[in-house]
Amino acid sequence: MSDCIFCKIARGEIPSKKVYEDEHVFAFHDINPIAPVHFLMIPKAHVPSLYECEAGHEPALGRMLALAGRLAREQGATDGFRTIINTGRVGRQEVYHVHLHIIGGPDVLPGMLKR
Ligand code: 5GP
Ligand code: ZN
């Protein structure tokens, strides 16, 4: 998708603070971090949300989870972190290119959702 902001970041057309890149995925720091460690990992191929994911996306989606711990530790989240994928209106997804948030830092994060 030529006008997708995260596709442009993955192609280097919009600058970002890169964390990691390989043939399937691209990781970069969130522009508006909510914790000392907050970066995003995306499939390089455009897919709007988890609703559109299918078997062909498994290599990228699997790579994202398989790399999360290593990259989180390298970024300083050495005692735990949280992974989030927001999907659609109810999930309050803002950017419609699948992205895994990796959020952590020295302090314990707030509870996940209010009951
Ligand atoms: P969502 O709410 O869709 O799960 O999260 C989108 C995330 O993308 C937000 O945390 C937001 O700060 C981040 N973001 C939006 N635009 C940009 C950008 O141009 N560059 C970077 N690095 N992050 C962005
Ligand atoms: Zn995209």
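Above this text sits the structure in question.
Now for a look at the structure at hand. Every value quoted in this text rests on a predicted model; they were computed, and no experiment measured them.

### Focus on the coordination of the zinc ion (ligand 2)
Logical step 1: Around the zinc ion (ligand 2), the donor atoms from the protein are C4 (SG), C7 (SG), H46 (ND1) and H97 (ND1), and they sit 2.0 to 2.3 Å away.
Logical step 2: The site at the zinc ion (ligand 2) holds four donor atoms, and with the angles between them running 106 to 117 degrees, its shape is tetrahedral.
Logical step 3: Counting residues between consecutive donors of the zinc ion (ligand 2) along the chain gives the motif C-x2-C-x38-H-x50-H. With a gap of 90 residues between them, C7 in helix α1 (residues 5–10) and H97 in the loop between β4 (81–84) and β5 (100–104) connect regions that are remote in the sequence.
Logical step 4: Of the residues examined, C7 reaches a relative accessible area of 4% and is grouped as buried.

### A word on the environment of Q93
Logical step 1: Topologically, Q93 is positioned in the loop between β4 and β5.
Logical step 2: Exposure remark for Q93: the relative accessible area of 8% places this residue in the buried category.
Logical step 3: Of the polar contacts made by the side chain of Q93, one reaches the backbone oxygen of P48; its length is 2.9 Å.
Logical step 4: One polar contact links the side chain of Q93 to the main-chain carbonyl oxygen of V95, over a distance of 3.0 Å.

### Brief notes about the environment of G104
Logical step 1: The topology assignment puts G104 in strand β5.
Logical step 2: With a relative accessible area of 3%, G104 lands in the buried category.
Logical step 3: As for G104 and D79, which are separated by 25 residues in sequence, their C-alpha atoms are 8.4 Å apart.
Logical step 4: Beyond its immediate chain neighbours, meaning those up to four positions away, G104 contacts A35, P36, V37, A77, G80 and F81.

Cut-offs used in this document
Residues numbered from 1 in each chain as written. Chains lettered and ligands numbered in written order. Predicted model: local features only at pLDDT ≥ 70, side-chain atom pairs only at ≥ 80, totals over all residues. Heavy atoms only, no water. Donors = N, O, S within 2.8 Å, 3.2 Å for Na, K, Ca; no water. Tetrahedral: all angles 85-135°; square planar, octahedral: opposite > 155°, others 65-115°. Helix = DSSP H or I, 4+ residues; strand = E, 2+ residues; numbered from the N terminus. Buried < 20%, exposed > 50% of the residue type's maximum accessible area, 1.4 Å probe, protein only. Polar contact = N/O pair within 3.5 Å; in protein donor to acceptor, adjacent residues only side chain to side chain. Contact = heavy atoms within 4.5 Å.

That is the geometry; function is a separate question.
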